[in-house]
Every structure is written in C-alpha cells, then in structure tokens.
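Given next are the chains, with one letter for each unit.
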Amino acid sequence: MAALFQNSESLQGKPAEIQTALEVENLNPMPETKTGGSNRFMGDGVFLTWEDLWVTVPGGKSGSRSILQGLTGYARPGELLAIMGPSGCGKSTLLDTLAGRLAPNARQAGDILINGRKQALAYGTSAYVTQDDALIATLTVREAVYYSAQLQLPDTISKSEKKERAEMTIREMGLEDAMNTQIGGWGVKGLSGGQKRRVSICIEILTHPKLLFLDEPTSGLDSAASYYVMSRIASLNRKDGIGRTIIASIHQPSSEVFQLFHNLYLLSVGKTVYFGPVSAANEFFALNGFPCPSLQNPSDHFLKTINKDFDKDIELGFANGIPTEEVINILVKSYKSSDVYQEVQKEIAQICKQDGGALERNESHASFFTQCHVLTRRSFINMYRDLGYYWLRLVIYIALSGALATVFSHLGTSYGSIQARGSLIMFVASFLTFMAIGGFPSFVEEMKVFERERLNGHYGVTAFVLGNTFSGLPFLALVAIIPGAIAYFLPGLHKGYEHFLFFVITLFACMMLVESLMMIVASLVPNFLMGIIVGAGIQGMMILVGGFFRLPADLPKPILKYPLYHIAFHKYAFQGLFKNEFEGLTFPNIQAGGPPTIAGEELLKQTWYVEMAYSKWVDLIILLAMVVFYRFLFLTIIKTTEKVKPVIAKFKSVNRKERVQIMANPSATPPNG
Ligand SMILES: Nc1ncnc2c1ncn2[C@@H]1O[C@H](COP(=O)(O)OP(=O)(O)OP(=O)(O)O)[C@@H](O)[C@H]1O
C-alpha cells in the first residue's frame, strides 16, 4: 500500500480518465483534481474542511454513544464528494453536522471551517436536499418548482424567465412528463418516490448554490436515472464559471455514477475507512488485501467489504475469511498511517492558510412583499386543494351545527330557555372552537416544508407567518359564517343582525386563536400525535377555568391569581357571547315571591357573574388582540429558536475526557448500538 500512497504519480492518470469521460459527456470540464492540489483559482468557491469530528448521542452503557469518531476531510469547489458506507454508518449524520443541522440530542466536537473560518451554516448559507422529501403534496411539479423560483430568485428576473428556469430544471431532472402531476402524499397518489426526490433536487439547484449537500439524491431511481440526475448535479460546476462544492451521500452507485465523483469518503461504524480520490480507492483496498474482483463494480465491493451487519450469517462468509469488524479495523488503521491521509492533512492546512471570505447567506433575493404574496397564494392553493385542511372541517361543522339546531330547536323565551341558551353558547365557545384543532395534521405537513425552506434560506419567518395567516382567512370566515348561521338562526338565538355578526366574529376569532395556539404547539412539538394531545390538553384546561363550569368568583385562588383564568380566551368568548345573547332580553320568572320577569342583565350579573364593567365589544377586541399576540408569539418562538440553536450547539460539544474514553474503548459505544 505504501507504494501507492507514497507515489502520487500513480494517481495522476486516473482523474484524467474520469475527466475524459466527463468531457465526452460535456458535463464537468473541471481541472485536474488530485490529492494535495486544491483548486485555488476557484476564488469565489467554498472550501469546507473538518478535522477530528466527533458526534455523540445519549445511549449505550456509558450513557453516550459515538456516531462519528474523529473524521477529517475536505470538500473543494468544482468537486463532487461522495460519502458512502453501509446503512447506519453515519452518512446522514456527517452531512447534517457539516451543514450545521445536527439533531438537538446530539453533541459534536472538532473543527468545521468554511474557507478556513469558523462559520455557522444553515439558514441560507448552503442548500441541503435532505433524505426525506418535504414537499407540498397538493401542488403539481410545475407549481412546486415555479413557486420556489419566485421565492428564491430576485425580483429583477421577470416572471417568464423564472418560469423558464423552473421548467428547464424540471426537464433536466427528467420530469417533463410529470410536470402537471400532483406531488401527492398520504391519501393522494401522486409522484413515485424517485420522482419526488428529483423535485426536491430541482428546488434546491434552481439558484445554483455554491455549497450543496445531498442526502441520497438517487434513492428510488434506476441506474440510468441516477446517472442522469448525478450528471446534472455535476454540471452545476459549469454554470457562471464558479466551482460548486457538492457533497452527496450515496448508496450503490453504478460504476458510471461512481466516476462522476472526484473524492470518496468511505465510512463504516462512524469511522473513516478511506478518504481520497475515487480513482485511488481500488488500489487502497487491493494493497490491504481486499482487491476488487474484475468485472465487479468497485463501489459494490467496498460496501460489501466494510458491512458488518451480516457477519452472523455464515453463509455469506467474510472477506478473506476475516471477520468484517477486523477488516474495518485494518482499513481504518492503514488509512490513518497512509500518505493519502498525510496529504489530506496538508491540504487542509493549505486551505486554512488562505484568507477566504465568510460565506454569505443565500437568502431569498425576492423582496419581502413578493415573498408574502407568493407564500399567501401558495398556501391558499394548498388549503383549497387539501380536503383535510378546511373542507372536511366545514362539513363536520355544518353537521354539528345541524345537530345543535335540532337539539336546541324552538328555544323560545320561557324560563327554561335561559339554561338552554347558556348551554348552547357554552357548546359553541368551547367545542366548536376546539374543533379548529382538526387542521393540525395539514399544518404539521406545512411546517415540515417551512423548516426545509427556512433552513435553505428561501424566505423569512415573518413572510411565512403572514402568508399562512392571510391565506387561511377566507376559509375560516366560511367555516364561521355557514355553520354559525345554522347554529344561530335555526334555534332562534337573540334576534337582530348585529347580534348575529357579533356571534360570527367571535366564533371566527376563537377558531383563529385555536389555530394560532396549534401553530405555537407545532413549533415546539413538531410531532402530529404529541401536538394534538398537547394542544387538546391546553384547551381543555382553558375551557375548565374559563368561568362557565365553575363561577369565576368560586374558582380557587391560584387559578384566579395566576394568569390561567385571564389568558384562557374562553373567558372572553363566554363573556362576550353571554352579553350578546342576554342583554336586552327578558324572561318570565317562575320563582315564588320574585318579580314577574327577569332581565338578561340581571342574569349575567347574578347567575353567571359575567364581568359587566365593559361591553361585549371589548371582549371581542381582547379576543382579536389575543389572535395578534399568539401569531406574534409563534413568530418570536421560531426566530428565537433559530438564534438559540447555534448557541446550544456550542455548549453541547463533546469534551476531551469523553473522547479519550471513547477512543480507549471504541467497541463499548458502537454507533449502531
Ligand atoms: N439524533 C440521533 N439520536 C440517536 N441516534 C442517532 C441520531 N442520529 C443518528 N443516530 C444513529 O446513528 C446511526 C447513524 O445514523 P445515520 O442516519 O447517520 O446513518 P446513515 O449512514 O445515513 O444510514 P442510512 O444509509 O440508512 O440512511 C444510526 O444508528 C442512527 O440510529
């Protein structure tokens, strides 16, 4: 092995072969790329380096297990780096760590530098095609990519040019025939998994990002489509004369696809088995006693050699009769002592010496107004097409209002109608508003798309919140007016359109409040089931202390003293609706010895202890102010999370003592548990 790695001459011909292949395809006319020769002419490109990178998560006997162990490497402009390894070896974790998107429970240590500087990535500094496709299921391929183009490209580019850029990218990804097909999701069959992958790629390469991460871009694709897609990604390097830095994790590349890559990062159980030129990997394996059989795809051979998941299956046998764990250790050790590794370190030192500039955020260049406008339209179309977002709710609300109208039919103005009116209002203010929780699953899906687009810098948080708010208004109005009219007029609540208007606006405000509350929940608990439970629990508590089930004066002191009673929006909904209903009405009094009639105002004061110091319109204004406050709170939470995450990451770095422990006993904390 030493011969190969001491004599870099032996490596020189191979990139040229690859180069020739690429030039034939006219895809990737990049200059020679060999170990030790960084592309310094790529002045505007991004050099990414990482040294002694560790990632640990809670678990294992010692309380933490290491997913990545001391990884070192670099990615240079104009080059494609392939991260390969068996399933579960840490490929996605490496990409996430490099892209600054490590999971909250993980801790990292080691240096990741951009152009030789420490810089926090994410939120627009790079583009990342994640393993899961977070797309809006109701949009067609054309719409999804075009909306993205409108959000990401500057206002100076005309609409027709944006459309043309979007459609060209779709065609480049081989999706022309699916241009008008809905993406699809649960319940709606749309694109295949491989087609969705390609839509995700389209969206992220529209702006030709300087630093691009792709997590298994070819999963779900056949070998021809994989080659085609990877070729297009490689061809980004030809655009505008700027070299792009592209890092992709990849499973089972065909030999053709494999040759599109310049460097290979081979991982197993979180350790570096090999990092260097693709062309030299074969020799590295051969010199360590694991040569690739002729006629076998080298990438298949590498993965088979370092996959220990099936060691227990004697039938499959081991490479050269050696247990795979041992094979991995041999390769890891051998690599660490190779000249290639020395070259890698020299190269990193060279890169770090350069006075590179900080990587600018690739924030949306569309104006704030354009972002709001496009997001409102996109969200409106999604809400309109997604049956579960509002339409199903409208149907259920109509059915419930019909049931309400039947149960409370012919209310009249008898003494008994006092209690019936109170119960009807209570049902509307609590249960009908509670039902607004029904849009949560659709909202969670929307939040996944937001998370991806936000991290990739497509638009700002404020534009998203405004877009989502404006787009939902017509639907909420519809859900408030139609079922509201059924529940109001059929039983015969307080006559007069002013009273009906107040009833409908209160219902509308309460539903908006529940939606806003669920948005806050979704930003903190981004899990569908947990979110529903948390949201329902909070509302249940608010309903309970809202002043109907227990009269406000009788509520235990802590509930009144502490803010729960005052922040429970049901309090204002109950109060406002009760005032709206009872003020101005009189009822016969059946109690012996009392006056012949009871005024509604008396009932409000003496029976329900409603706060009469202010009018029902004040209650409504408080509700509307709460809507604004809740939306603002949602915005603040997202913005704060963005700022706090990098700070938390700093505090969570793996300390030296832990690293020493892991190194001393690596098998005690295997990345695969
Ligand atoms: N946040 C986390 N908390 C706990 N364990 C984690 C976390 N992230 C990753 N892991 C574990 O680390 C290991 C590596 O995961 P990772 O997703 O990086 O592997 P991978 O090589 O990308 O796998 P695949 O090819 O199957 O996608 C797995 O065992 C996984 O369960």
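Because the structure is a prediction, the values reported are computed rather than measured.

Concerning the overall build of the protein chain
- In terms of helices and strands, the protein chain carries 25 helices and 12 strands.
- Within the protein chain, residue pairs in contact and separated by at least 24 positions form 75% of the contacts whose partners lie at least 6 positions apart.
- Split by element, the accessible area of the protein chain, about 28,700 Å² in all, is 60% carbon and sulfur.

As for the site of the ligand
- The immediate surroundings of the ligand are formed by 18 residues, with Ser87, Lys91, Ser92, Thr93 and Asn105 found nearest.
- Take serine 92: an N or O atom from its side chain is 2.8 Å from an oxygen atom of the ligand.
- Relative to its free-state accessible area of 630 Å², the ligand is covered by the protein chains to the extent of 71%.
- Elements that contribute at least two residues to the shell around the ligand include exactly strand 2 (64-75) and helix 3 (91-98).

Comments concerning helix 14 (residues 387-407)
- Over its 21 residues, helix 14 extends 28 Å from the first C-alpha to the last, a length consistent with the 30 Å expected when each residue adds 1.5 Å.
- Burial in helix 14 covers these residues: Tyr389, Tyr390, Arg393, Leu394, Tyr397, Leu400, Ser401, Leu404 and Ala405.
- Elements that come into contact with the buried residues of helix 14 comprise helix 13 (368-385), helix 15 (416-434), helix 16 (440-455), helix 17 (461-489) and helix 18 (497-524).

Some remarks on the sheet that holds strand 5 (residues 117-118)
- An order of 2-1-4-5 is seen for the 4 strands of this open sheet, with the pairing classed as antiparallel. Of all the strands in the sheet, just strand 2 and strand 5 have a single pairing partner and so form its edges.
- With 8 bridges connecting them, strand 1 (residues 48-58) and strand 2 associate as antiparallel partners. Within strand 2, the residue paired with threonine 56 across the bridge is serine 66.
- Seen against the sheet, helix 3 touches strand 1, strand 2 and strand 4 (107-114) and runs at an angle of roughly 120 degrees to strand 1.

Details of the UniProt feature "transmembrane region" (unreviewed entry) in the protein chain
- UniProt's feature table lists "transmembrane region" (unreviewed entry) at residues 390-412, 424-444, 464-488, 500-522, 528-551 and 617-638, given in the numbering used throughout.
- Helix and strand shares over residues 464-488 are 100% and 0% respectively, and the end C-alpha atoms of the span are 35 Å apart.
- Between the C-alpha atoms that bound residues 617-638 there is a distance of 32 Å. The span itself is 100% helix and 0% strand.

Focus on the packing of aromatic side chains
- All told, the structure shown has 31 aromatic pairs when counted by the stated rule.
- Centroid distance phenylalanine 284 to tyrosine 335: 6.2 Å. Interplanar angle 90 degrees. Geometry classified as edge-to-face. Of this pair, phenylalanine 284 sits in helix 9 (residues 278-287) while tyrosine 335 sits in helix 11 (residues 324-336), and the two are 51 residues apart along the sequence.
- Judged by its relative accessible area of 0%, phenylalanine 284 is buried.

Considerations on the sheet that holds strand 3 (residues 79-84)
- Ordered by their spatial adjacency, 6 strands build an open sheet running 6-7-8-3-9-10, and the pairing between neighbours is mixed. Looking at strand neighbours, the two that pair on one side only are strand 6 (127-129) and strand 10 (271-277), the edges of this open sheet. When the angles between neighbouring strand axes are averaged without regard to direction, this sheet yields 15 degrees.
- Pairing of strand 3 with strand 9 (residues 263-268) involves 4 bridges; the strand directions are parallel. Counted as the bridge partner of leucine 81 is asparagine 263 from strand 9.
- Contacting strand 9 and strand 10, helix 11 crosses the sheet at an angle of about 50 degrees to strand 10.

A word on the nonpolar core
- Within the largest apolar cluster, 187 residues are counted, with the highest numbers of intra-cluster contacts made by Leu48, Trp50, Leu264 and Leu266.
- Looking at this core element by element, the count peaks at 18 residues for helix 18.

A few points about the environment of glutamate 445
- As for its position among the elements, glutamate 445 is in helix 16.
- The partly exposed category is assigned to glutamate 445, whose relative accessible area is 34%.
- Counting along the chain gives 83 residues from glutamate 445 to phenylalanine 528, while the straight-line C-alpha distance between them is 9.0 Å.

A short note on the pairing of strand 2
- Burial of strand 2 is extensive: 11 of the 12 residues sit out of reach of the surface.
- Where strand 1 hands over to strand 2, the hairpin turn is made up of 5 residues, of which glycine 59 adopts a positive phi near 140 degrees.

Details of the pairing of strand 9
- Within strand 9, 6 of the 6 residues are buried, leaving the element largely enclosed by the surrounding structure.
- Judged by which residues are buried, strand 9 turns out to be covered on both faces: Asn263, Tyr265 and Leu267 on one side and Leu264, Leu266 and Ser268 on the other are all buried.
- Bridge count for strand 9 against strand 10 is 6 bridges, and the pairing is antiparallel. Within the sheet, the bridge partner assigned to leucine 266 lies in strand 10 and is tyrosine 274.
- Between the end of strand 9 and the start of strand 10, which pair antiparallel, lie 2 residues, with valine 269 showing a positive phi angle near 40 degrees.

Points about the packing of helix 14 against helix 15
- Relative to each other, helix 14 and helix 15 sit at 165 degrees, their axes nearing to 12 Å. Accordingly, the angle class assigned to the pair helix 14 and helix 15 is roughly antiparallel. Of the two elements, helix 14 crosses helix 15, and the hand of that crossing is right-handed. From helix 14, Tyr397, Leu400 and Leu404 reach across to helix 15, where they touch Leu424, Phe427, Val428, Phe431, Leu432 and Thr433.
- Looking at side-chain class alone, the contact of helix 14 with helix 15 contains 8 nonpolar, 1 polar and no charged residues.

With respect to the packing of helix 14 against helix 17
- Contact pair helix 14 / helix 17: the axes reach a minimum separation of 8 Å and the direction vectors enclose 20 degrees. Of the possible angle classes, the one that applies to helix 14 and helix 17 is roughly parallel. Relative to helix 17, helix 14 is oriented so that their crossing is right-handed. Across from Tyr389, Tyr390, Trp391, Arg393, Leu394, Tyr397, Ile398, Ser401, Gly402, Leu404 and Ala405 in helix 14, the residues of helix 17 making contact are Asn468, Gly472, Phe475, Leu476, Leu478, Val479, Ile482, Pro483, Ile486 and Ala487.
- Per-class residue counts for the contact of helix 14 with helix 17 are 16 nonpolar, 4 polar and 1 charged.

Concerning unusual backbone geometry
- For asparagine 115, which is not a glycine, the phi torsion comes out positive at approximately 50 degrees.
- Along the polypeptide, asparagine 115 turns up in the loop between strand 4 and strand 5.
- Accessibility expressed as a relative area gives 10% for asparagine 115, which makes it buried.
- One non-glycine residue, leucine 295, lies in the positive phi region at around 70 degrees.
- Its place among the elements puts leucine 295 in the loop between helix 9 and helix 10 (298-305).

Comments concerning the environment of serine 442
- Here serine 442 lies in helix 16.
- When the C-alpha positions of serine 442 and tyrosine 390 are compared, they lie 9.5 Å apart, and in sequence the two are 52 residues distant.
- For serine 442, the contacting residues outside a window of four places in its chain are Asp386, Gly388 and Tyr389.

Structural notes on the environment of leucine 633
- With respect to the element layout, leucine 633 can be found in helix 24 (residues 616-651).
- The exposure class assigned to leucine 633 is partly exposed, which follows from its relative accessible area of 31%.
- A C-alpha to C-alpha distance of 9.0 Å links leucine 633 and serine 516, two positions 117 residues apart in sequence.

Quick notes on the rules
Residues numbered from 1 in each chain as written. Predicted model: local features only at pLDDT ≥ 70, side-chain atom pairs only at ≥ 80, totals over all residues. Heavy atoms only, no water. Helix = DSSP H or I, 4+ residues; strand = E, 2+ residues; numbered from the N terminus. Contact = heavy atoms within 4.5 Å. Areas by Shrake-Rupley, 256 points an atom, 1.4 Å probe, with all protein chains shown as cover. Near = heavy atom within 4 Å. Polar contact = N/O pair within 3.5 Å; in protein donor to acceptor, adjacent residues only side chain to side chain. Expected span 1.5 Å × (residues − 1). Buried < 20%, exposed > 50% of the residue type's maximum accessible area, 1.4 Å probe, protein only. Pairing = 2+ DSSP bridges. Axes fitted to C-alpha atoms, helices over the stretch in contact; angles between N-to-C directions. UniProt positions renumbered as here; feature names shortened; annotations may be inferred. Phe/Tyr/Trp six-rings, centres within 6.5 Å; stacked < 30°, edge-to-face > 60°. Core = buried A, V, L, I, M, F, W, Y, C linked by side-chain atoms within 4.5 Å. Parallel < 35°, antiparallel > 145°, perpendicular 65-115°, else oblique. Left-handed = near helix turned anticlockwise from the far one by under 90°. Nonpolar A, V, L, I, M, F, W, Y, C, P; charged D, E, K, R; others polar.

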